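Report on the structure
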Amino acid sequence: MTRPWRAALGLLFAALLVLFVAPRAARADVAQPIGWSLGSATSEIHVGRVNLRYDPRLHDEAIALAREIPRAWSEIEHALAGDLEDALTIHFVAHSGRIAEGTGMPQWAAGVAHPPTGEIAIAAHAPDGSLTDLDGLLRHEMAHVALFRATGGNPLPRWFHEGVAESFGEEIDLMRSQTLAGAIFGAGVPRLPELEQNFRSTDAITATVSYAAARDFVNFLRWRDDEGSDMRQALAQVKQGKNFEAAFVNGFGRTLAELDGEWRTGLTGRFMWFPIVSGDGLPMALAFPLVFIAAVRRRRHLRAGWARLEAEDAALRAPLAA
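Now for a quick tour of the structure.

Calculation notes
Residues numbered from 1 in each chain as written. Predicted model: local features only at pLDDT ≥ 70, side-chain atom pairs only at ≥ 80, totals over all residues. Heavy atoms only, no water. Helix = DSSP H or I, 4+ residues; strand = E, 2+ residues; numbered from the N terminus. Expected span 1.5 Å × (residues − 1). Bend = angle between axes of the 7 residues up to and from the residue. Salt bridge = Lys/Arg side-chain N within 4 Å of Asp/Glu carboxyl O. Buried < 20%, exposed > 50% of the residue type's maximum accessible area, 1.4 Å probe, protein only. Axes fitted to C-alpha atoms, helices over the stretch in contact; angles between N-to-C directions. Parallel < 35°, antiparallel > 145°, perpendicular 65-115°, else oblique. Left-handed = near helix turned anticlockwise from the far one by under 90°. Contact = heavy atoms within 4.5 Å. Nonpolar A, V, L, I, M, F, W, Y, C, P; charged D, E, K, R; others polar. Pairing = 2+ DSSP bridges. Right-handed = clockwise from strand over helix to strand, strands pointing away.

In a regular helix each residue adds 1.5 Å, so 22 residues correspond to 32 Å; helix α2 (residues 59-80) covers 31 Å between its end C-alpha atoms and thus fits that length. By the largest-angle criterion, E68 marks the main kink of α2, which is about 35°, and a proline, P70, follows within four residues. After α2 finishes, the residue G82 shows a positive phi value of roughly 90°.

Structure follows, in structure tokens:
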């Protein structure tokens, strides 16, 4: 394939990502300050034990978020522990600058969580003014809080905390997939000890690859068994005070190094599409429908899971209502 054609396909791929992938808003994992003050969030909606405080100008968006909260929390808590304390306070403001003012976090943070208090702050607009992926932000920050509760606040590796939040943040992430594929067929995917160190790197490419790898490894752990019981068992062990690696031996019946090896063994096969679409083979325009079909199938699987969780919740509420 000639260079002009390669350049054209590269531009086409970039355009497809812009059209079909929501812009990624920067997120901060955990904020230190307690007693946040987000003065513009003066209206409130109560959803069970969740208090959604929002800027009155965002009323329609807040209603949509309120509808999503029970389903998102139900999926996350089921995957991590089965059942968790449900109390949350969510601050929903117009711009990430409001989050910086109220929490002391950097200006680039469009979403932040304080797991010990169950407080979350998300913004409708990123620092550049673009719209954020509100559902993704909400689920990402909820996952930080849920993981803290599932493990009793015991220490966890940074790569695992971020991998879990990324795993729940979005159903499918083409940008992360492309980044990880580039590492698989390029410089290589960092080992787990390197991942931990890379999250503190000032190099954007290194950090991006680490986020993509952590997300994919956590996805592998979550779906390694059909019911996800291995993950719940491992986190329950951490909550009981077990060392992180020992908890995984008890939960998965494998050491963390063995699980890492299993995951890496399957990477090349799962991402075999990358050298095809990025080289002299199938144009990205033809490959994209395959990715889209995979996304549709994943969405259907999640809908079935949500329906099951909603049925379980209704069954639990029925005796109380009676």
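This brings us to the pattern of salt bridges. Taken as a whole and assessed by the stated rule, the structure comprises 13 salt bridges. As a salt-bridge pair, E68 and R71 come within 2.8 Å of each other at their nearest N and O atoms. Note that E68 and R71 are positioned in helix α2 at a spacing of three residues, about one turn of the helix. A relative accessible area of 30% places R71 in the partly exposed class. Notably, a salt bridge pairs R254 with E262, separated by 3.5 Å at the nearest N-O pair. A residue is classified by how much of its surface remains accessible, and E262, at 31% relative accessible area, is partly exposed.

On to the packing of helix α4 (residues 134-150) against helix α5 (residues 158-169). One way to put it is that α4 packs onto α5 with a least axis distance of 7 Å and a crossing angle of 140°. Viewed along their axes, α4 and α5 adopt a mutual orientation that is oblique. For the crossing formed where α4 meets α5, the hand is right-handed. Packed against α4, whose contacting residues are D135, G136, R139, H140, A143, H144 and L147, the element α5 presents F160, H161, E162, V164, A165, E166, F168 and G169 at the interface. Residues of the contact of α4 with α5, tallied by class, amount to six nonpolar, five polar and four charged.

Moving on, we come to the pairing of strand β3 (residues 88-95). Burial within β3 is extensive, with seven of its eight residues counted as buried. In terms of strand pairing, strand β2 (residues 50-54) meets β3 through five bridges, oriented parallel. Residue pairing across strands places V50 opposite L88, the latter belonging to β3. One crossover worth recording links β2 to the parallel β3 by way of α2, and it is left-handed. Examined bridge by bridge, β3 and strand β5 (residues 119-125) share six bridges and lie parallel to one another.

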